[in-house]
Amino acid sequence: NKLSAEVNLFELTKLLANEDSLFGFINTYSTIQTRDDAWKYLYSNIVKVYSKNNLQNFINKYPQYPYKEIISEELHLVEKI
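Residues numbered from 1 in each chain as written. Predicted model: local features only at pLDDT ≥ 70, side-chain atom pairs only at ≥ 80, totals over all residues. Heavy atoms only, no water.

Remarks on the overall build of the protein chain
1) Next: Of regular secondary structure, the protein chain possesses 5 helices and 0 strands.
2) Next: Each helix and strand of the protein chain, placed in order from N terminus to C terminus, yields the pattern α-α-α-α-α.
3) Next: C-alpha extents for the protein chain along the principal axes are approximately 50 × 20 × 15 Å.
4) Next: Taken over 81 residues, the protein chain has a buried fraction of 27%.
5) Next: If you take every contact in the protein chain between residues at least 6 apart in sequence, the share linking residues at least 24 apart comes to 37%.
6) Next: Accessible surface for the protein chain amounts to roughly 5500 Å². Of this, 54% is attributable to carbon and sulfur atoms.
7) Next: The averaged location of the 10 negative side-chain charges in the protein chain is 2 Å from the averaged location of its 9 positive side-chain charges. (Helix = DSSP H or I, 4+ residues; strand = E, 2+ residues; numbered from the N terminus. Buried < 20%, exposed > 50% of the residue type's maximum accessible area, 1.4 Å probe, protein only. Contact = heavy atoms within 4.5 Å. Areas by Shrake-Rupley, 256 points an atom, 1.4 Å probe, with all protein chains shown as cover. Lys, Arg positive; Asp, Glu negative; His and termini not counted. Charge placed at Lys NZ, Arg CZ, Asp CG, Glu CD.)

Here is the structure:
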């Protein structure tokens, strides 16, 4: 039941579409079952335009983001444009 509750809580948190609530869910309630999806959802809700500024701001605000290497690659590509 714990996994079901976690997934349901994540779905409810997504409905809020609130950055602080999503980050709170990641830090407080997520486990390996939902953490990756929660981080990806948070990222996609914050970084809507792939600009150097948006990407850098996201990394600065969330240094624990597990896919920083992907953002580093995106930053490198954005700088070439």
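Here we look at the pattern of salt bridges
1) Next: One pass over the full model with this rule turns up 2 salt bridges.
2) Next: Glu19 serves as the salt-bridge partner of Lys61, at 2.7 Å between the closest nitrogen and oxygen. Taken together, the residues span a long stretch of sequence, with Lys61 in helix H4 (residues 52-61) and Glu19 in helix H2 (residues 19-28) at a distance of 42 residues. (Salt bridge = Lys/Arg side-chain N within 4 Å of Asp/Glu carboxyl O.)

Remarks on the packing of H4 against helix H5 (residues 68-80)
1) Next: Running from N to C, H4 and H5 cross one another at 155°; their axes reach a closest spacing of 9 Å. In terms of axis orientation, H4 runs roughly antiparallel to H5. The interaxial crossing formed by H4 with H5 has left-handed handedness. Where H4 approaches H5, its residues Lys52, Leu55, Gln56, Phe58 and Ile59 are matched on the opposing element by Lys68, Ile71, Glu74, Leu75, Val78 and Glu79.
2) Next: Residue composition of the contact of H4 with H5, by class: 6 nonpolar, 1 polar and 4 charged. (Axes fitted to C-alpha atoms, helices over the stretch in contact; angles between N-to-C directions. Parallel < 35°, antiparallel > 145°, perpendicular 65-115°, else oblique. Left-handed = near helix turned anticlockwise from the far one by under 90°. Nonpolar A, V, L, I, M, F, W, Y, C, P; charged D, E, K, R; others polar.)

Worth remembering: the numbers are spatial, not functional.
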